[in-house]
Amino acid sequence: MNKTIEKLSPAFKDYLWGGTKLRDVYGKKCDYEKVAESWELSTHPAGQSVIDGGEYDGLKFGEYLEKVGAKVLGVNGAKFKEFPVLIKFIDAKQPLSVQVHPSDEYALRVEGEYGKTEMWYVVDCEPGASLYFGVNRALTKEEFKKRIEDNTLTDVLYKADVKKGDVFFIQSGTIHAIGAGILICEIQQNSNTTYRVYDYGRRGADGKLRELHIDKAIDVSKLTPSDTSDKQGKPEEIPGGTKCALASCPYFTTEKYVVDGEVEIDVTGDSFASLVVTEGSGKVVGSENEVEFKPADSLFVPAGSGKIKINGHCTVVKTTV
């Protein structure tokens, strides 16, 4: 069984609202003027991550999975028809559009791919940064549509101030928008289906107003307030650091490890583990190899790798399915 820990390099997106932190601060190698997103763990046709180093160096992540076989996904991972998650960094220099994602049922019927439930972990943010998360009171579809048309939609959205380390769990159907000055690690279903509801009248590179998807958004949006309570667990002391639960749903489970020395993690045959470094440096040591890391690096650990060790002083977001 393959137990080699793989380092990944991302696919990049240069959306108009993006900044340059992923390149200038975190050292991502990208020639785009704006580096809005880096897709760190992805088999999605719109942008695949790539194996960085070792036997499979240069292979797209999907090609790597075809070569090594489904065992690296684990029992839970192999249940999904396609690789289940997509993990990315998002650098919002300007606010993102107000948008919503459909459920699996709606997206499969209308778009031919899965819907999107996602989680945001705030890696860093500027003072006073905020985001939108659901509505602040119940709306009818008629009012929702009218407020889109008369540019007053943000008046009825729930606005949340953010700080480093905050977590937001965004279920499909929840209207949302990342605000300016926020760097996020997003763990989501493997889908790129997004319905843009409101975009501040911005124009794309072609000079035209960016497309909105109002009718579909009205179909799928949840128009009652979402549960905005923080779902994070309390940090638990473990040898070499702490861990805490961030979010859990049928599509993924995430935990945060703060390492001060050496932390041991058991990667069982149930699921692979994605390790995304949000700050600090060190190395991950497995039975077959070891991989050094720095901030914003992404590692894939095959299911059944057994006990691995994270050495260093760092914060790591671990995702399993």
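Presented here is a report on the structure given in the accompanying data block. From a predicted model like this one, the values you see are computed outputs, not experimental measurements. What you see as residue numbers is a count from 1 along each chain, following the sequence as written. Under the rules for a predicted model, residues below a pLDDT of 70 receive no local features and side-chain atom pairs below 80 are neither given nor counted, while totals for whole chains, interfaces and linings still include all residues. Values shown for side chains rest on all heavy atoms present in the structure; no hydrogens or waters enter the calculation.

## Digging into the packing of aromatic side chains
Only the six-membered ring of Trp is used, alongside the rings of Phe and Tyr, when aromatic pairs are assigned; centres must lie within 6.5 Å, and planes under 30 degrees apart are stacked while those over 60 apart are edge-to-face, with the rest tilted. In this structure the tally under the stated criterion is 13 aromatic pairs. Arranged with centres 6.2 Å apart and planes meeting at 80°, the rings of Y106 and Y195 form a pair that is edge-to-face. In this pair, Y106 sits in helix α4 (residues 104–110) while Y195 sits in strand β13 (residues 195–198), placing the two residues 89 residues apart along the sequence. The burial state of Y106 is the same as that of Y195; both residues are buried. A ring is considered to have a charge above it if a Lys NZ or an Arg CZ atom is located within 6 Å of its centre and within 35 degrees of its normal. Directly above the aromatic system of W39 lies the positively charged group of K13, at a separation of 4.7 Å from the ring centroid. Here a strand is any run of E in DSSP of at least two residues, a helix any run of H or I of at least four, and the numbering for each starts at the N terminus. Working definition: with a 1.4 Å probe on protein chains only, accessible area under 20% of the residue-type maximum means buried, over 50% means exposed, and in between means partly exposed.

## Let's talk about helix α2 (residues 61–68)
Within α2, the full set of buried residues consists of F61, G62, Y64, L65 and V68. Here the buried residues of α2 occupy an arc of 155° about the axis, which is enough to place them on one side. For α2, the exposed residues lying more than 90 degrees away from the buried face are E66 and K67. Phi turns positive one or two residues past the end of α2, at G69, with a value near 95°. This arc is taken over the directions from the axis of the helix to the C-beta atoms.

## Section: the pattern of salt bridges
Criterion for a salt bridge: a side-chain nitrogen of Lys or Arg within 4 Å of a carboxyl oxygen of Asp or Glu. Inspection of the entire model under this criterion finds 19 salt bridges. Among the salt bridges present, the one from E262 reaches K309, with a minimum N-O distance of 4.0 Å. Taken together, the residues E262 in strand β16 (residues 253–267) and K309 in strand β20 (residues 306–320) connect sequence positions 47 residues apart. Judged by its relative accessible area of 39%, E262 is partly exposed. Taking the shortest distance from any N to any O, the salt bridge between D297 and K294 comes out at 3.3 Å. Each of K7, K294 and D297 takes part in one network of salt bridges that share partners.

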